[in-house]
Amino acid sequence: MKESGMRKEIVQWVGREFIFISCEGQRIGNAADEMEGIFGRVSNELQIEGLSLDHTIRTRLWAVDRQSRDLASDVRAKYNTGRARAATSSYIMPGYFASEARVGMDLIALRPTVPDIKKIIVESDPPRKPINYLIFDSLLVLAGKTVVLPTLEAQLDEILPRITGILAEAGSSWKDVVNVSCYLHRSQKIGTLKRGLSKWVRAPLARMEIAAVEGYSAEGKLIEIEVTAETHRQPE
């Protein structure tokens, strides 16, 4: 299912139904205006499926430069509230775009197997724009994890143990992880990333993807890692 600048897929995965929507902005006004348009179009697509932004579990923001990223992030924060709160990440990568758009967004929504099941949101401490993680229909979804340290090795030595702790807190573990997405700065070597992962992750990963990007929410970041896992924690 596709319209200009948008792709929608309905995927059966890990025993659940997901709606994946990728949408590029339409070149009007500035990047904030483009992002407003994206949310309008995405909301319409979810409504067609009988869903809403409340069913969102992850959004991934793409931008051609930092100014566009920052403007779009502010717009996303306006929609990323209440029951629509979701795991977020953002990347600067001009090569992502097939159009003249300045911003784009990937959105993943989950159709729960049990109607009206509660989405558990765990905020960052101290609170920030991104949540720490969410649990929805026994699926654990972590916001992208990053840190600013001098080297990729040092960043992995901080991020991966932190993810291990979050998994444990949420009633999960690396053996329950169903997907790891690593967004690696294009200046860095994949071999360094793989060595860092093998140092901290002992369980075999069901699925891992690595993509190159040019920037993140702040200078000095070299990697951002998104994790999705099954969890044994029950809704409260």
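None of the values given here were measured: they were computed from a predicted structure. (Residues numbered from 1 in each chain as written. Predicted model: local features only at pLDDT ≥ 70, side-chain atom pairs only at ≥ 80, totals over all residues. Heavy atoms only, no water.)

Draft legend 1. The overall build of the protein, seen in detail. Each helix and strand counted, the protein has four helices and 12 strands in total. Expected size for 236 residues packed as a compact globule is a radius of gyration near 18 Å; at 17 Å, the protein falls within 12% of this value. Along the longest, intermediate and shortest principal axes, the C-alpha atoms of the protein span 45 × 45 × 35 Å. When burial is assessed residue by residue, the protein has 52% of its 236 residues classed as buried. Of the contacts formed within the protein by residues at least 6 apart in sequence, a portion of 77% connects residues at least 24 apart. (Helix = DSSP H or I, 4+ residues; strand = E, 2+ residues; numbered from the N terminus. Rg over C-alpha atoms; globule rule 2.2 N^0.38 Å. Buried < 20%, exposed > 50% of the residue type's maximum accessible area, 1.4 Å probe, protein only. Contact = heavy atoms within 4.5 Å.)

Draft legend 2. Focus on the side chain of threonine 59. With respect to the helices, strands and loops of the structure, threonine 59 is situated in strand S4 (residues 56-63). The exposure class assigned to threonine 59 is buried, which follows from its relative accessible area of 6%. At 3.3 Å, the side chain of threonine 59 forms a polar contact with the side chain of arginine 76. Apart from residues lying up to four places away in sequence, threonine 59 is in contact with Arg76, Ala87, Thr88, Ser89, Met105, Asp106 and Leu107. (Polar contact = N/O pair within 3.5 Å; in protein donor to acceptor, adjacent residues only side chain to side chain.)

Draft legend 3. Looking closely at the packing of helix H1 (residues 31-48) against helix H2 (residues 66-79). Close contact between H1 and H2 brings their axes to 8 Å; oriented N to C, the two are set at 40°. Classed by the angle they form, the pair H1 and H2 counts as oblique. By crossing handedness, the relation of H1 to H2 is classed as right-handed. From H1, Ala31, Ala32, Met35, Glu36 and Phe39 reach across to H2, where they touch Ser68, Leu71, Ala72, Val75, Arg76, Lys78 and Tyr79. (Axes fitted to C-alpha atoms, helices over the stretch in contact; angles between N-to-C directions. Parallel < 35°, antiparallel > 145°, perpendicular 65-115°, else oblique. Left-handed = near helix turned anticlockwise from the far one by under 90°.)

Draft legend 4. Structural detail: the sheet that holds strand S12 (residues 223-230). Overall, mixed pairing links the six strands, which are arranged S7-S8-S9-S12-S10-S11 in an open sheet. Of all strands in the sheet, those with a lone pairing partner are strand S7 (120-123) and strand S11 (208-213), marking the two edges. With direction set aside, neighbouring strand axes in the sheet form an average angle of 15°. Summarising the sheet, strand S10 (residues 177-185) and S12 pair through seven bridges and their orientation is antiparallel. Paired with tyrosine 183 across the two strands is glutamate 224, which belongs to S12. Contacts from helix H3 (residues 152-169) reach S7, strand S8 (131-136), strand S9 (139-142), S10 and S12 within the one sheet, and its direction differs from that of S12 by about 20°. (Pairing = 2+ DSSP bridges.)

Draft legend 5. Geometry of the packing of aromatic side chains. Following the criterion strictly, the structure yields nine aromatic pairs and no others. With 4.3 Å between their ring centres and 5° between their planes, phenylalanine 39 and tyrosine 79 make a pair best called stacked. Here phenylalanine 39, found in helix H1, pairs with tyrosine 79, found in helix H2; they are 40 residues apart in sequence, far enough to count as distant. Plain terms: the ring middles of tyrosine 91 and tyrosine 216 are 6.1 Å apart, the flat faces sit at 75° to each other, and that makes the pair edge-to-face. Highlighted residues: tyrosine 91 in strand S5 (residues 87-92) and tyrosine 216 in the loop between S11 and S12, separated in sequence by 125 residues. Here the aromatic residues Trp62, Tyr91, Tyr96, Phe97, Tyr183 and Tyr216 are joined through ring pairs into a cluster of three or more. (Phe/Tyr/Trp six-rings, centres within 6.5 Å; stacked < 30°, edge-to-face > 60°.)

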